[in-house]
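# A closer look at the structure
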Amino acid sequence: MLTVALIFVPVIFLCILAATLIYVGVRGESAERWCIIAITIGSLATGIAANRGPVWYSAETGIFMVDVATLIAFIVIMARSTRFWPLWITALQIIAVMTHLARFLKPQTVPMAYAVAEQLWVYIMIVILIVSVRQQRSQNAFAKSVGS
């Protein structure tokens with residue numbers, strides 16, 4: 001059962017990521033687009049950077065480097081944005097980076113706990129991004145109707 005889940009979870013995630021990429025690409029503004037690009041590149045680079053042996057059984061140094069690079073991208077997006085949501089996404093990415101640091105400090109962490117703690121945050125980031133695009137579109141539509 002666990003093997004089946006480990007096969008389908010990445011496929012489901014890639015489908016969610018692709019749908020979000022299309023939605024944000026069509027409906028989002030500049031900051032949202034840059035954010036989904038960073039998430040997409042980070043997610044694809046994570047697959048490339050992962051250990052080829054038993055994944056999550058040791059600290060994932062390659063994924064850690066990808067997560068730090070993604071954090072830097074989010075900090076740049078946050079610094080240039082006038083909106084509040086980039087703070088949340090940057091904070092979630094900091095948690096992802098700190099998860100690696102915890103694993104480096106305590107290597108005996110249960111591999112599944114490390115994997116879940118590392119991968120959970122991107123789903124929340126995607127939800128925040130979708131909600132922020134929807135909210136911004138609603139605010140723009142309201143401003144347009146009031147301004148007419």
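Preceding block: the structure.
Residues numbered from 1 in each chain as written. Predicted model: local features only at pLDDT ≥ 70, side-chain atom pairs only at ≥ 80, totals over all residues. Heavy atoms only, no water.

### Some remarks on the nonpolar core
Counting 20 residues, the largest nonpolar core has Cys35, Ile39, Phe74, Ile89, Met125 and Leu129 as its most contacted members. Those elements giving two or more residues to this core turn out to be helix H1 (2–27), helix H2 (30–49), helix H3 (61–80), helix H4 (85–105) and helix H5 (111–147). When near neighbours in sequence (up to four residues on either side) are disregarded, Phe74 contacts Cys35, Ala38, Ile39, Ile89, Thr90, Gln93 and Met125. Core analysis: the second largest hydrophobic core is formed by five residues, Ala50, Trp56, Ile63 and Tyr114 among them. (Core = buried A, V, L, I, M, F, W, Y, C linked by side-chain atoms within 4.5 Å. Buried < 20%, exposed > 50% of the residue type's maximum accessible area, 1.4 Å probe, protein only. Helix = DSSP H or I, 4+ residues; strand = E, 2+ residues; numbered from the N terminus. Contact = heavy atoms within 4.5 Å.)

### Details of the pattern of salt bridges
Taken as a whole and judged by the stated rule, the model has one salt bridge. Glu32 serves as the salt-bridge partner of Arg83, at 2.6 Å between the closest nitrogen and oxygen. Remark: Glu32 occurs in helix H2 and Arg83 occurs in the loop between H3 and H4; sequence separation between them is 51 residues. Given a relative accessible area of 23%, Arg83 falls into the partly exposed group. For Glu32, a relative accessible area of 2% corresponds to the buried category. (Salt bridge = Lys/Arg side-chain N within 4 Å of Asp/Glu carboxyl O.)

### Topic: the packing of H3 against H4
Relative to each other, H3 and H4 sit at 155°, their axes nearing to 9 Å. As judged from the angle between their axes, H3 and H4 are roughly antiparallel. Where H3 crosses over H4, the two elements pack in a sense that is left-handed. Contacts from Thr61, Ile63, Phe64, Asp67, Val68, Thr70, Leu71, Phe74, Ile75 and Met78 in H3 reach Pro86, Leu87, Ile89, Thr90, Gln93, Ile94, Ala96, Val97, His100, Leu101 and Phe104 in H4. Residues belonging to the contact of H3 with H4 are distributed by class as follows: 15 nonpolar, five polar and one charged. (Axes fitted to C-alpha atoms, helices over the stretch in contact; angles between N-to-C directions. Parallel < 35°, antiparallel > 145°, perpendicular 65-115°, else oblique. Left-handed = near helix turned anticlockwise from the far one by under 90°. Nonpolar A, V, L, I, M, F, W, Y, C, P; charged D, E, K, R; others polar.)

### Some details on a nonpolar patch on the surface
On the surface, Val4, Ile7, Phe8, Val11, Ile12 and Ile16 cluster together into a nonpolar patch covering about 530 Å² of accessible area. Along the chain, Ile7 turns up in helix H1. (Patch = residues over 30% accessible without salt bridge, like charges linked within 9 Å, V, L, I, M, F, W, Y side chains within 5 Å. Areas by Shrake-Rupley, 256 points an atom, 1.4 Å probe, with all protein chains shown as cover.)

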